[in-house]
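Residue-level structural notes
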Amino acid sequence: IYTGEDTLSLHDALPIYSIHAALVSGTNPCGLNAVAPCDDNSHGTHTMGTMVGDDGGTNQVGVAPGAKWISCRNMERGNGRPSTYIECFQWFIAPTNLSNGAPDPTKAPHIISNSWGCPPEEECQIDSLQQAVSNTRAAGILVVVAAGNGTATCGSISDPPAIYADSFTIGATNDAGTIASFSLRGPVTVDGSNRLKPDVTAPGVSVRSTVPGNSYGSKSGTSMATPAAAGVAALLMSADPSLKGNPAAVEQLLRQTAIGTTSLQTCGSFPGSAIPNTTFGYGRIDAWAAFQALQPAAPPLLLDGFE
């Protein structure tokens, strides 16, 4: 329902390992095997800006402007296939150089931000991407995923990879912290798991970020909330490098410090009056609270040499 993009990734790699194209057929304004970042529908530029955008002036739109990034093109103007998505997950685990050789797992990213979904019309089955996502997380990479947009009924989070336990799934709120009307809801019923989703929420309404043409514009969607969450995760890894390679610890930190919010909507066995719930998950992410949770206890106050 929402537009697709390249999968974009925060990373500590060399430029020679910075991009890969999983498109192998058809036509595309960027070409099929471009060796430089290219956006064929503006969506990827906007999400990338939310993660790391900074013009050095008044347009610091990125949550983590000091982070480095790499990208893998998995869509042709908003349309992908399980094969292209899987190829990008594989590439992120062991990036190759611009000649598609010399795979090097030491250049793998710490975080992947995925503002896309794989619906049935893209030939995706429920389990099409499950092994790829699980392998990526097992490699120590945090897989941040958009919940999806549409009619927010119970169980409407239904497409891979948002439905998976190994995906950290993000819903969208407005600036006031109210859930966006388009942000899809859990639990995951399509696979019979009744799994809680989303995990957390982040701002995703009228988000100002970069757009092609050296400009700025606003977009709304869980696609906009996802890179915000990925950016916060990058900040936390910068503050505490021990979090790199430990997606479970990052997920737990973001869950436990989120601003818990109840909902009027009860879905399945998850009452809206409880936290977590299937509207907000554990709540809206709180970067400052998560950072404070990393800090060691303050030393005792000394007065005239006495504690």
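Right, let's walk through the structure included here. (Residues numbered from 1 in each chain as written. Predicted model: local features only at pLDDT ≥ 70, side-chain atom pairs only at ≥ 80, totals over all residues. Heavy atoms only, no water.)

1. Observations concerning the packing of helix α4 (residues 222–239) against helix α5 (residues 247–256)
Our working definition: Interaxial angle, 0 to 180 degrees, is taken between N-to-C directions of lines fitted to C-alpha atoms, where a helix line uses only the stretch in contact. A helix here means a DSSP run of H or I that spans at least four residues, while a strand means a run of E at least two residues long, and both kinds are numbered starting from the N terminus. Comment on the angle field: the value is read as roughly parallel under 35 degrees, roughly antiparallel over 145, roughly perpendicular from 65 to 115, and oblique elsewhere. Two helices cross in a left-handed way if the nearer one is turned anticlockwise from the farther one by less than a right angle. They cross in a right-handed way if the turn is clockwise. We call two residues contacting when some pair of their heavy atoms lies within 4.5 Å. Charged means Asp, Glu, Lys or Arg here, nonpolar means Ala, Val, Leu, Ile, Met, Phe, Trp, Tyr, Cys or Pro, and polar covers whatever is left, Gly included.
Remark: α4 packs on α5, axes separated minimally by 11 Å, with the N-to-C direction vectors making an angle of 110°. Relative to α5, α4 is oriented roughly perpendicular. α5 is crossed by α4, and the crossing has right-handed handedness. Along the contact surface, α4 presents Val 232, Ala 233, Leu 236 and Met 237, while α5 presents Val 250, Leu 253 and Leu 254. Residue composition of the contact of α4 with α5, by class: seven nonpolar, no polar and no charged.

2. Here we look at the environment of Thr 50
The following threshold applies: Three exposure classes are used, based on accessible area relative to the maximum for each residue type with a 1.4 Å probe and protein chains only: buried under 20%, partly exposed in between, and exposed over 50%.
Inspection of the secondary structure puts Thr 50 in helix α1 (residues 43–52). The exposure class of Thr 50 is buried, given its relative accessible area of 4%. Sequence-wise, Thr 50 and Ala 225 are 175 residues apart; in three dimensions their C-alpha atoms are separated by 8.8 Å. Among residues more than four places away in sequence, those in contact with Thr 50 are Val 61, Gly 62, Val 63, Val 207, Ser 209, Met 224, Pro 227 and Ala 228.

3. Quick word on the nonpolar core
This is how it is decided: In these notes, a set of buried Ala, Val, Leu, Ile, Met, Phe, Trp, Tyr and Cys residues joined through side-chain atoms within 4.5 Å is what counts as a nonpolar core.
Ranked by size, the top nonpolar core spans 31 residues in total, and within it Ile 111, Ile 170 and Leu 254 carry the most contacts. The biggest single contributor to this core is α4, with nine residues. Excluding residues within four positions of it along the chain, Ile 170 makes contact with Val 144, Val 145, Ala 146, Ala 147, Pro 198, Val 200, Thr 201, Ala 202, Thr 222, Ala 225, Thr 226 and Ala 229. Counting residues in hydrophobic clusters, the runner-up holds 27 residues, among them Ala 108, Trp 116, Val 133 and Ile 163.

4. What to know about the pairing of strand β6 (residues 168–173)
To keep it simple, the criterion reads: By definition, two strands form a pair when at least two bridges between them are found by DSSP.
By the criterion of burial, β6 is predominantly enclosed, with six of the six residues buried. Here β6 shows no split at all, with Phe 168, Ile 170 and Ala 172 on one side and Thr 169, Gly 171 and Thr 173 on the other all buried. Two strands pair when backbone bridges link them, and strand β5 (residues 142–146) and β6 are joined in this way by three bridges, in the parallel orientation. Following the sheet pairing, Val 145 is matched in β6 by Thr 169.

5. Let's talk about the state of the cysteines
This is how it is decided: The disulfide criterion is simple: two cysteine sulfur atoms within 2.5 Å.
This model, assessed by the stated rule, comprises three disulfides. Each sulfur in the disulfide pair Cys 72 and Cys 88 lies 2.0 Å from the other. The sign of the -80° torsion about the S-S bond sets the Cys 72-Cys 88 disulfide as left-handed. Residue Cys 72 is found in strand β3 (residues 68–73), and its partner Cys 88 is found in helix α2 (residues 82–93); the two are separated by 16 residues along the sequence. Summarising the burial analysis for this pair, Cys 72 and Cys 88 share the class buried. Through a disulfide, Cys 154 is tied to Cys 267; the S-S separation comes to 2.0 Å. Taking the sign of the torsion about the S-S bond as the criterion, the disulfide between Cys 154 and Cys 267, at about -75°, is left-handed.

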